[in-house]
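Fold and geometry: a report
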Amino acid sequence: LQALSLTNASYGAESGKKLAACKNLRFLHIRSSQIDPKIVAELSGLPNLSVIFLEGNQINDEHSKALASIPTLKKIHLADTRVIGTELKALAVLK
């Protein structure tokens, strides 16, 4: 599995463990859902994840710090997330 799109649901820590098992995942799109920050932290173990779309979710500092821990990310889409300066600062470490 290289691409996955999930919409309008609630994803807890257990979902993150299942996603982390998808080692070939390159593209993840989670839209208009409730996302536990632990899910995002679990994604840091995915060696090929380069694009993540999280529009329409409530993203906070904890999510941003977890996103910053995913070294393979090249593109992050955060439209309609209420991300402001403090959250963006955590993402500045990504290349």
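The structure under discussion appears in the preceding block.
Taken together, the four strands give an open sheet; going across it, the order is β1-β3-β5-β6, and neighbouring strands pair in parallel fashion. Unpaired on one side and paired on the other, β1 (3–7) and β6 (75–77) mark the two borders of the sheet. Taking each pair of neighbouring strands and ignoring which way they run, the sheet shows an average axis angle of 5 degrees. Inspection of the sheet shows strand β5 (residues 51–53) paired to β6 by three bridges, in the parallel sense.

What follows is about unusual backbone geometry. The phi angle at Asn-8 is positive, at roughly 50 degrees, despite the residue not being glycine. Position of Asn-8 relative to the elements: it lies in the loop between β1 and β2 (10–11). Judged by its relative accessible area of 58%, Asn-8 is exposed. Residues other than glycine seldom take positive phi values, yet Ser-32 does so here, at roughly 45 degrees. Note on placement: Ser-32 falls in the loop between β3 (27–31) and β4 (34–35). According to the relative accessible area criterion, Ser-32 is partly exposed, its value standing at 30%.

Rules used throughout
Residues numbered from 1 in each chain as written. Predicted model: local features only at pLDDT ≥ 70, side-chain atom pairs only at ≥ 80, totals over all residues. Heavy atoms only, no water. Pairing = 2+ DSSP bridges. Helix = DSSP H or I, 4+ residues; strand = E, 2+ residues; numbered from the N terminus. Axes fitted to C-alpha atoms, helices over the stretch in contact; angles between N-to-C directions. Buried < 20%, exposed > 50% of the residue type's maximum accessible area, 1.4 Å probe, protein only.

In short, shape yes, function no, at least from these values alone.
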